[in-house]
Every structure is written in structure tokens, then in C-alpha cells.
Amino acid sequence: MPIRHPTPSSNIRHNLGVYRLNGFTGRNEELLRLRAWLTDDSGQAALAISGNQGNGKSTLATAAAWNAIHHFPDGIIWVGAAGSDSFRLYDIVRTLDTVLGTTLTRISQERWGIGILEQLYRRRRLLILDELSGALDDEVRTLVDIIGHLSESGGRSRILLIDRDIAPEIQKLVGERHLLLGGLSLAETVEFVRVRAPQAVQDTALRHVEELHARTGGRPLSVRLVMGLLLEYGVWSELNSALGELPVYNGSLSMPEMTAFAVENFAAFWPHAGPLLDRLVSAAGGASFTALSELFWGDLGEQAEFQETVQALIQRALVEENNFTQRILVQPVVRRYLAQGAVMLGEEWNRSHAAYYLHYARRYQEIPLQRWSEIDPEWGNIHLGADWLSTRIERIWRRPALALVREPLEREGLPDIVMDSPDVRGDLVQMREYALCLAHYAFWRHPPGILRWLAAGAVASFALDDIRDFGWLLTNIGRQLFFSGEVEAAIEWLERALHIFDEKDMLMEMAYVHTDLGTSLRVLDEARPALDQLWLAFEAVAQLGDQHSLATAYINLGSAYFSMNNYEKAVEQQRKALRISLRLQSAHLSASAHNNMGLALEGMERFEDAHRAYQNALIVFQQMADEAGISTCYNNLGSVAYARQDFGEALQWYEKDLELSERRGAWMDRAATLHNLGHVALEQKNYAQARNYFERSQELYAAFQLTDYVAEEQEMLEYVASLAEEKDR
């Protein structure tokens, strides 16, 4: 079946590794079946491809997705594990952020399932999950829930799962839409050899294609590895004899043994290939062409030898070349084999790898959040570097980093170690730098391993007598605990950091921590202590004269007063913030101040003034093309119109937000707006319309299994029915 390529003008967002389709051939029956499953109207959300190593599962999935790309105009997202970890649910939200520009990594972990579902619900989007082995039980359950909800809603989004074995829970949902992939047929193998064989051995491979097919079982990777071996052996009979010595599994050569033979044979003929491949095990997510030359090849030989060796590796199917992203990727089966001996590289290599990718970690601090997708291809390598350095810190002190930093280090200190070793000091410096970079990254994206990395960085900072960074990393541990809902624990870490900054008179750092403490106390409904902390943050900022921070402090104070129902004070603080933000020409601060002022004015029942403030905020959000901000303003304008009993205007604003939330795919926002519209219709005594709004809202909440909200909408529907019945009497 021919693979149809999208037109160059296509703007469908995806991260498919189309390099896999180089020379793709055969699999017509499988492609037709997958296309039917991907594009039919059955509403069944999940399908799966399983099979042994080397059968081409990922390649087939890529071909099927590419062939059906126009059926998924809302995007195709391919998700694989990062770093040295197994698959985690975080990999899905992180990849959605990178490919689609979502902000799912900013929501709490317990809401990831709903966030992923929102990105698929009532859209035409394909999510491909490659190799789920190692996923935690609760993560599998979350995926099962997502698939179940999508299937119940009868939507057009699909989830394609690729693994050697499919989990029983998911298998039940997949049902018959499970493709167990075997090798190529003999006829397909003939065509495959014509397309993929190196020119020098093509004729030989075609003459012996039946034996080749029998040896390999038609597994595409195994066929390519054998053709690569033929480049070295030259004579089929000698190679065939050598292959006959290898173990057989299910009638064909064992894939792991075949891989080992191919790697070791190649390394014997190419002296630099072995070290290069061993190093490439550390290339999590592949290596850029630049990194391949500068780091992974490095001191192995001259540039001419480098080019020759890399091309030989590509010819022999040991690595793949992705020209579009300018990266080299080791075949997964090859990587698994090499990983068994990678420990032999020693600390010096791991240290060099971590040092090289520290440059990319720093870029997360250097460029705007909107451009982080430029760095994201290296996230796996950054992840690996941070993991190795954390392990190194724990090995130096022979204790987990979090256990070390939980102790009152400020009083008791660390156990003594020899610090005169350049390697030890260098590793401490690198760990501190990684932790500082990833603290900034984690403020927005919250990777699962972050607490360990921050703790290791804090230990390194303390050992280096860098008290400022030690305190800053304690602050960020507190921030991550706050994000995960452990607010009381967060406060303990923040107070430790505050004590350090206070002793050193670090005013800006004190301002940050006082603000975080104020926010934490507000979450615990301790309004007065929270306000005290925010005033302390203001006093610290006021001494520095930083106008942007001063405006932020005023906004935070205004919000605190608002939460205490002291609306006059809230308006006063927001006006001060607005004055500064206008002087700074800061659109974001101006919009926030206008909107917050509107909330306080509405609380004072100064509806005309509140309406004007919301309108001013809306203008700024529209200038910034900030759809979330625009949505907030639409809802606030609808609310103040409702409070003024101008139900016609309220209807207009809520309808605007309804249209916007549909476009954004913000289904929970849409459900809330439908609920508000229901109340507007009730006030207009349009009971049929009110019932329609509440039913639509209930349908959305039910699709996401938010049972409390479903019950609330049911109560409203019963109330509407009683009013309608009373009217008809």
C-alpha cells in the first residue's frame, strides 16, 4: 500500500519519526487494517501493535500514522520514555507540551489524566504510545480510564499502543483491534532486499533470499543486520555457516543473539565502532550530528574516519539517521544489547556526557518558555546527566540525597569527605549547576525526578560553601512539594530557606520565599498570617527598588485582601500595581491588575466600575493573544452583567466564551460556562433553554467522570423541571 505524504502546506502538528520510512515496503494488509481501525466511525478509541523485537512495530505504526495524517488534523503525538527511565505518564504530558504547546505539565499530577483526556476529547488527534513496559499500575489504570472515556464518547481521536506485550487491562479495551506483527513474507522480503540492501551485496542477497528469509523469519531488522554482515563476509556460504551456529527461537535466529553477533562482528572490523556504540548507549533520545562529532566521537580518530564509521553503522542497520532533525539514533534492540556492557565505560565518560548536556540544561534559563521546544529533543540526555550526578553525590556520602538534605545541615554539617580531588569538586559544581537550571525548568514543568535532583544540588551547594544556592534549592524543594499538594511540608522547607536568606540579608530571595509562604498559608485558609508574609515580601522588594517585583508584590497583596473580603484595600493595592505596570509597559501585569481590580469592585457591587476594569483587562489580553486570559474576562464580564440583571449581555459574554472554549478544547471551562448559561436562561424564564444548557454541561462532566458535578447538574435539571411544571399549571 503506498504511503501518502501530506502536501508541503500541511500545518498538522506532529513529531513522527519519519526517518523510519526510508525504504519502507510491504505490509499492505497490515496497513489497510490499521487505516480502517484509525479512520472508521466505530468510536473505539484504542488499537495496539505487538510482536517480537525487530519485527518493525514502530516503523509500521509510523507508516500507518503518516498514511492517515489528514484524518487527524488536530495533531499526531508520538510518546516514548525519556532518560534511563521506563515509560511514565509524565512523558505524555511533557510531549503534548512540546508538540502542541499545551501547559499540562503545570497542572497537578492527579489531574494529568483529565488533562490528557481534554486534549483528545471531541478532537481528531492520534496519540501513539511506544513501549509501555515498566509503566506503574496506577498509570496503566489512568490510561485505561482515558481509553474508556474516549470510547464511551464515540470521538474520533485514537490511541495506538506499541509494545512486545499488551497489558491485560488494555487488551480488554483493544479487543480485536490488536495486530500481532510477525515477519515479512518471502515475497515482501524480496522487495525489502531490493529497497534496503547495500548496493554492494544486493545481488548476493537476492540470490539467497529464501535462505535469508528462513534464517531471519522475515524480521526487517534481522534481515538488515544479516545484509550488513554480508558486507564484511562477502560470501554467503561463509556467513550462512556462521549464522547456523547462533541460537534459534521459534524457527528463526534469536534477535538478541543476532544483534550481539552483528555488533561484535562489526566492531572487530572497525576499530572505533565499539567505543562509539558503547558511548551512544548514553544518547537518550538520540544524539544530534553535532554532539555525535564533538562528544560521542570526540577523541576516537580523525574526521574522515568519523564520517566513514558513521556511514558504515547506518548501512549495517546498527544506527538510524534522521536527516530532518539532524540526529542519530541507535536501534532499540542494539541499544538494549549495548546497555549490558555500558557500565564498563566508567565515570569519566558519564562525567563528560553530563558536562556536555549541561549546556542544553542552561538554555532552559536563557530562552523564553515559548521556545523550549527547541531544547526538548535533548531532554532525555539532560535527564540522564542529572540522574548520573545525583547518583554520584549519593555515592560520595553513601546516603540518598533527600535523606542528607532533610537533616539540619545548617547546624550539623555533612560528613567529611576528601575535597582536594578535582573530580569530586568538579562533580559537585556540575550537580549544583544542573539543579539550578532544572529548578527553573521544574517551576513550569515539574518532572517526576526533580526532588532528588534538587536535593543533590543542595548537598553539593552546601559542600561548596555556597549558602545562597543551598537556600535557593531548599526553596525550590518547597515549591515542588506545594505543587504536589504537600503544603505543610512545603512550608517547613520554605522556612528553612528564609532563615538562611534572612541571616545573609538576601532581600530578593527573602521576597520570593515570603511570597511563597503567603501563597501556602492562603491555601491552608490562614488568611491573616498569609497577609503578614506578603507584607514582608513587599518590604523586602521596596528596599531593592525593583519596579517589576514591586508591581507583583502589590498584586499579591491585593489578592490577599480580596480573599479576606476587604475589597477597598484590594482595589487600593491593585491600583498601585496598575500604575507601575503601565509605567513599565508590562502587558501581563497590566492585564492582571485590571482583572483583579474588577473582581474587588464586583465584590463591592460597583458593577459599572467592575465592568470597565474587565473590559480594560480584555483589551490587553486580546493584544497579547492570551486565550486563557480572554476566556477569564469573558466569564467575568458575564458574571457582572448577570449581577446587574442584564441577562441579555450576560448571555452574549458567556456565548463568546462558549465558542472560545470549544476552539481551545477547554472542556471543563466549557462545562462551567454552560452551567452559567443555564442560570441566565432560568432568570429569563426560558426553561427549555436552561434544560438544554444544564444537560450539555452534565454530559461533559459525565464524559470526564466528575460525579459531584454530574449530581449538581442533575439537581439543577430537577429544579428546572419543577419550575416548568409550575408554569404549565
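In this report, we go over the structure that sits alongside the text. Quick caveat: nothing in here was measured; it's all calculated off a predicted structure.

### Describing the pattern of salt bridges
Right, on to step 1. Throughout the structure, instances matching the rule amount to 41 salt bridges.
Right, on to step 2. Of the charged contacts in the structure, one is a salt bridge between Arg 432 and Asp 466, with a shortest N-O distance of 3.0 Å. Of this pair, Arg 432 sits in helix α21 (residues 422-445) while Asp 466 is found in the loop between α22 (450-463) and α23 (467-483), placing the two residues 34 residues apart along the sequence. Accessibility classification places Arg 432 together with Asp 466 in one group, the buried group.
Right, on to step 3. One salt bridge connects Arg 468 with Asp 469, and the closest N-O pair in it is separated by 3.0 Å.
Right, on to step 4. Look at Arg 468 and you get partly exposed, because its relative accessible area is 30%.
Right, on to step 5. The buried category is assigned to Asp 469, whose relative accessible area is 11%.
Right, on to step 6. A single network of salt bridges, built from pairs that share partners, joins Glu 347, Glu 348, Arg 351, Arg 392, Arg 395, Asp 423 and Asp 427.

### Quick look at empty space enclosed by the protein
Which parts of space are left empty comes out when a probe the size of a water molecule is rolled across the atoms.
Right, on to step 1. Applying the stated rule across the entire model yields 1 cavity of 30 Å³ or more.
Right, on to step 2. The space that makes up the largest cavity amounts to roughly 40 Å³.
Right, on to step 3. Listed by contribution, the elements that provide at least two residues to the lining of the largest cavity are α10 (220-233) and α12 (255-269).
Right, on to step 4. Counting residues per element, the lining of the largest cavity draws most heavily on α10, which supplies 4 residues.

### What about helix α15 (residues 303-315)?
Right, on to step 1. Across its 13 residues, α15 extends 18 Å between first and last C-alpha, which sits within 8% of the 18 Å expected from 1.5 Å per residue.
Right, on to step 2. Buried within α15 are the following residues: Phe 306, Thr 309, Val 310, Ala 312, Leu 313 and Ile 314.
Right, on to step 3. Just past α15, the residue Ala 317 takes up positive phi, approximately 65°.

### Some remarks on the packing of aromatic side chains
Right, on to step 1. In total, this model carries 25 aromatic pairs according to the counting rule given.
Right, on to step 2. An aromatic cluster is defined as three or more aromatic residues linked by ring pairs; in this entry it consists of Tyr 364, Trp 372, Trp 379, Tyr 441 and Trp 453.
Right, on to step 3. Note that Arg 20 overlies the ring of Trp 78, its terminal NZ or CZ placed 4.5 Å from the centroid.
Right, on to step 4. Above the plane of the ring of Trp 667 lies Arg 122, whose end atom (NZ or CZ) is 5.5 Å from the centre.

### Some words on the pairing of strand β1 (residues 46-50)
Residues in a regular strand point their side chains to alternate faces of the sheet.
Right, on to step 1. In terms of residue burial, β1 counts as a mostly covered element, since 5 of its 5 residues are buried.
Right, on to step 2. What you see with β1 is no split at all: Ala 46, Ala 48 and Ser 50 on one side and Leu 47 and Ile 49 on the other are buried throughout.
Right, on to step 3. Sheet analysis places β1 next to strand β4 (residues 158-163), joined by 5 bridges and oriented parallel. Looking across to β4, one finds that Leu 47 is bridged to Leu 160.

### Let's talk about the side chain of Gln 53
Right, on to step 1. Tracing the chain through its elements places Gln 53 in the loop between β1 and α2 (57-67).
Right, on to step 2. On the accessibility criterion, Gln 53 (17% relative accessible area) is buried.
Right, on to step 3. Within the structure, the side chain of Gln 53 is placed 3.1 Å from the side chain of Arg 336, a separation counted as a polar contact.
Right, on to step 4. Beyond its immediate sequence surroundings of up to four residues, Gln 53 is in contact with Arg 164, Arg 219, Met 255, Pro 256, Val 333 and Arg 336.

### A word on the sheet that holds strand β8 (residues 287-288)
Right, on to step 1. The strand order across the open sheet built from 3 strands is β8-β10-β9, with neighbouring strands paired in antiparallel fashion. Each edge of the open sheet carries a strand with a single partner, namely β8 and β9 (319-322).
Right, on to step 2. Of the strand pairs in this sheet, β8 and strand β10 (residues 327-330) are connected by 2 bridges, and their pairing is antiparallel. By the bridge assignment for β10, Ala 287 is matched with Ile 328.

### Comments concerning unusual backbone geometry
Right, on to step 1. Backbone geometry places Asp 505, a non-glycine residue, at a positive phi of 55°.
Right, on to step 2. For Asp 505, the position within the fold is in the loop between α24 (487-503) and α25 (507-523).
Right, on to step 3. Taking the relative accessible area as the measure of exposure, Asp 505 reaches 55% and is therefore exposed.
Right, on to step 4. Despite not being glycine, Lys 685 has its phi angle at roughly 60°, a positive value.
Right, on to step 5. Along the chain, Lys 685 falls in the loop between α33 (667-683) and α34 (687-703).
Right, on to step 6. For Lys 685, a relative accessible area of 54% corresponds to the exposed category.

### Concerning the nonpolar core
Right, on to step 1. Of all hydrophobic cores here, the largest spans 227 residues; its most connected members are Ile 92, Leu 129, Leu 161, Phe 296, Val 405 and Tyr 434.
Right, on to step 2. Here this core takes 11 residues from α21, the largest share from any one element.
Right, on to step 3. With residues near it in sequence (within four places) discarded, Tyr 434 still touches Ala 354, Tyr 357, Leu 358, Ala 361, Ile 382, Gly 385, Ala 386 and Leu 389.
Right, on to step 4. If you look at the next biggest cluster of nonpolar residues, it comprises 26 residues, including Trp 37, Ile 69, Ile 128 and Leu 160.

### Notes on the pairing of β9
Right, on to step 1. In this structure, β9 lies alongside β10, joined through 4 bridges in antiparallel fashion. Note that in β10 the partner of Glu 321 across the bridge is Ile 328.

Conventions adopted
Residues numbered from 1 in each chain as written. Predicted model: local features only at pLDDT ≥ 70, side-chain atom pairs only at ≥ 80, totals over all residues. Heavy atoms only, no water. Salt bridge = Lys/Arg side-chain N within 4 Å of Asp/Glu carboxyl O. Helix = DSSP H or I, 4+ residues; strand = E, 2+ residues; numbered from the N terminus. Buried < 20%, exposed > 50% of the residue type's maximum accessible area, 1.4 Å probe, protein only. 1 Å grid on protein atoms, 1.4 Å probe; cavity = no way out; pocket = protein on both sides within 12 Å on 5 of 7 lines; lining within 4 Å. Points joined across faces, edges and corners; volume = space filled by probe spheres on them. Expected span 1.5 Å × (residues − 1). Phe/Tyr/Trp six-rings, centres within 6.5 Å; stacked < 30°, edge-to-face > 60°. Lys NZ or Arg CZ within 6 Å of the ring centre and 35° of its normal. Pairing = 2+ DSSP bridges. Polar contact = N/O pair within 3.5 Å; in protein donor to acceptor, adjacent residues only side chain to side chain. Contact = heavy atoms within 4.5 Å. Core = buried A, V, L, I, M, F, W, Y, C linked by side-chain atoms within 4.5 Å.

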